[in-house]
Amino acid sequence: MKIELLGSMRMPNQSVRIMRAALDEAGVNPLPLLAEAGIAVAEADDPQGEVSGLQELRFQEEFAKATRDIPGLWFHTGMRYRLMTYGPLGLAVLSAGTVHDGLKVLVAFQALTYSLLQYRLYEENGALAGMEADDSNVAPDLREFCLVRSLGSATTFLKDMRQPFPLARIESSVSPRSDGIDYAAELGVPVVFGAPVTRWVFQPGAADLALPMASPLLEQTYQQLCARLIDEAQVSDDMVGRLYSLLVRSSRGFPSAAQAAAELAVSERTLHRRLAKQNLGFGDVLDQVREQRACYLLDRSHLSVEAIGEMLGFAETASFSRAFKRWTGVSPIKFRQRPR
């Protein structure tokens, strides 16, 4: 999903609830992670609750960081994402006539999938051959998490559409795993790691297989609901996503709230009001972008802590160090020295 659209979405909290349950079972306290993501506990506990797209993204980031060293957790968390987790999207897919019809619905409305991966269908010899996941929109520190989780979530999605689903094999671009999991046994199909592209390869004739709950009337109803949800996000309040995109594109330093508002062609007051509607301030979005860039530079460059702090707009290294420790719980030096 494009980050601009994710930032503008209001979505059910089901993904947050799934990740929180996985944390509880793994013995990881989810409360600090929810706080970092700006999600109130009551908001996370409410079965009918909603979160903003940026809150969902931030919680995914915190979840990935907190569980990176727990073997198999990302994959097994993905398997908890049943088709009905996706609300109207799941119902629209189930109501489609054939496998191909259902997957076209998924691709059309994938902004409702909680995923940063971009799914697309591909053909061979004029026939549907499978589904691919493009990770080019995913930040480097989230790529492995998204791809490993998708092994569970996307495969479960397909199997919930139709049982048995005509999968031939799964090819994943992540490196071979050393987590002790027999992925082929758990997923019921061969799994190849280290592939050039992540894809789910279908058996011949899969496209035309009927779905057991096909209903043209319901399919139309739920597709219209999916379209309305996405249209409302794009039209009514895309300010958070546009601001996030603007800050991410900033090459050195960051604009002030007034400068950002001018770039976005709105008044500063309007910018603050639109952010407040999603329980965010300008500093919240700026801190998220700063943290992502700081972690990336500490991991993948030889720049000094002083230089990185200056690039992020901090007047003093001490101010950067304090902010970084607030974001991550450790100093920039300890973050850089941690085992990876």
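Below: a short report on this structure. (Residues numbered from 1 in each chain as written. Predicted model: local features only at pLDDT ≥ 70, side-chain atom pairs only at ≥ 80, totals over all residues. Heavy atoms only, no water.)

**Here we look at the overall build of the chain**
- Check the secondary structure of the chain and you find 18 helices and seven strands.
- Scaling as 2.2 N^0.38, a compact globule of 340 residues should have a C-alpha radius of gyration of about 20 Å, and the chain matches this with 21 Å.
- Principal-axis analysis of the C-alpha atoms gives the chain an extent of 60 × 45 × 40 Å.
- Here the chain, with 340 residues, has 52% of them falling under the buried criterion.
- Summing over all exposed atoms, the chain offers an accessible surface of approximately 15,500 Å²; the carbon and sulfur share of this is 52%.
- Positive and negative charge centroids in the chain, built from 36 and 40 side chains respectively, lie 3 Å apart. (Helix = DSSP H or I, 4+ residues; strand = E, 2+ residues; numbered from the N terminus. Rg over C-alpha atoms; globule rule 2.2 N^0.38 Å. Buried < 20%, exposed > 50% of the residue type's maximum accessible area, 1.4 Å probe, protein only. Areas by Shrake-Rupley, 256 points an atom, 1.4 Å probe, with all protein chains shown as cover. Lys, Arg positive; Asp, Glu negative; His and termini not counted. Charge placed at Lys NZ, Arg CZ, Asp CG, Glu CD.)

**Describing the environment of Phe335**
- Locating Phe335 in the fold gives a position in helix 18 (residues 332-337).
- Separated by 36 residues in the primary sequence, Phe335 and Asp299 place their C-alpha atoms 8.4 Å from one another.
- Discounting residues that sit within four places of it in the chain, Phe335 has contacts with Cys295, Leu298, Asp299, Phe324 and Val330. (Contact = heavy atoms within 4.5 Å.)

**Some details on empty space enclosed by the protein**
- Taken as a whole and assessed by the stated rule, the structure comprises one cavity of 30 Å³ or more.
- In this structure, the largest cavity encloses a volume near 150 Å³.
- Taken together, 14 residues make up the lining of the largest cavity; nearest its centre are Tyr86, Thr113, Tyr119, Ser153 and Ala154.
- Sorting elements by how many residues they give to the lining of the largest cavity places helix 9 (residues 140-161) first, with six residues.
- When grouped by side-chain class, the residues that make up the lining of the largest cavity number nine nonpolar, four polar and one charged. (1 Å grid on protein atoms, 1.4 Å probe; cavity = no way out; pocket = protein on both sides within 12 Å on 5 of 7 lines; lining within 4 Å. Points joined across faces, edges and corners; volume = space filled by probe spheres on them. Nonpolar A, V, L, I, M, F, W, Y, C, P; charged D, E, K, R; others polar.)

**Observations regarding the packing of aromatic side chains**
- Considering all chains together, one arrives at 13 aromatic pairs under this definition.
- Between Phe324 and Trp327 the ring centres are 6.3 Å apart and the planes differ by 70°, which places this aromatic pair in the edge-to-face class. With Phe324 and Trp327 both in helix 17 (residues 317-328), this residue pair falls three residues apart, about one helical turn. Like Trp327, Phe324 is buried.
- Within the aromatic cluster, the residues linked to one another by ring pairs are Phe314, Phe320, Phe324, Trp327 and Phe335.
- Over the face of the ring belonging to Tyr122 we find Arg199, whose NZ or CZ atom lies 4.2 Å from the ring centre. (Phe/Tyr/Trp six-rings, centres within 6.5 Å; stacked < 30°, edge-to-face > 60°. Lys NZ or Arg CZ within 6 Å of the ring centre and 35° of its normal.)

**Details of the layout of surface pockets**
- The calculated volume of the largest pocket comes to roughly 960 Å³.
- Contributing to the lining of the largest pocket are 32 residues, with Ala64, Lys65, Arg68, Phe335 and Arg338 lying nearest its centre.
- When residues of the lining of the largest pocket are traced back to their parent elements, those giving at least two are helix 3 (31-36), helix 5 (53-67), helix 9, helix 15 (282-300), helix 17 and helix 18.
- Split by residue class, the lining of the largest pocket holds twelve nonpolar, three polar and 17 charged.

**With respect to the side chain of Asp179**
- Inspection of the secondary structure assignment puts Asp179 in the loop between strand 5 (167-172) and helix 10 (183-187).
- The class of Asp179 is buried, set by a relative accessible area of 18%.
- Looking at Asp179, its side chain comes within polar contact range of the main-chain nitrogen of Ile181, at 3.2 Å.
- Among the polar contacts listed, one links the side chain of Asp179 to the side chain of Tyr183, at a separation of 2.6 Å. (Polar contact = N/O pair within 3.5 Å; in protein donor to acceptor, adjacent residues only side chain to side chain.)

**A closer look at the sheet that holds strand 7 (residues 198-202)**
- Read across the sheet, five strands follow the order 3-4-7-5-6 without closing on themselves; strand pairing throughout is mixed. Each edge of the sheet is formed by a strand with only one pairing partner; in this case those strands are strand 3 (118-124) and strand 6 (191-193). In this sheet, neighbouring strand axes are inclined to one another by 20° on average, regardless of whether the strands run parallel or antiparallel.
- Sheet topology note: the strand 5/strand 7 ladder contains four bridges and is antiparallel. (Pairing = 2+ DSSP bridges. Axes fitted to C-alpha atoms, helices over the stretch in contact; angles between N-to-C directions.)

**As for the environment of Val305**
- By the secondary structure assignment, Val305 is in helix 16 (residues 305-311).
- For Val305, a relative accessible area of 12% puts it in the buried group.
- Val305 sits 206 residues away from Val99 along the chain, and the two C-alpha atoms are 52 Å apart.
- Once you skip the residues sitting within four places of it in the chain, Val305 turns out to touch Leu298, Thr317, Phe320, Ser321, Pro332 and Ile333.

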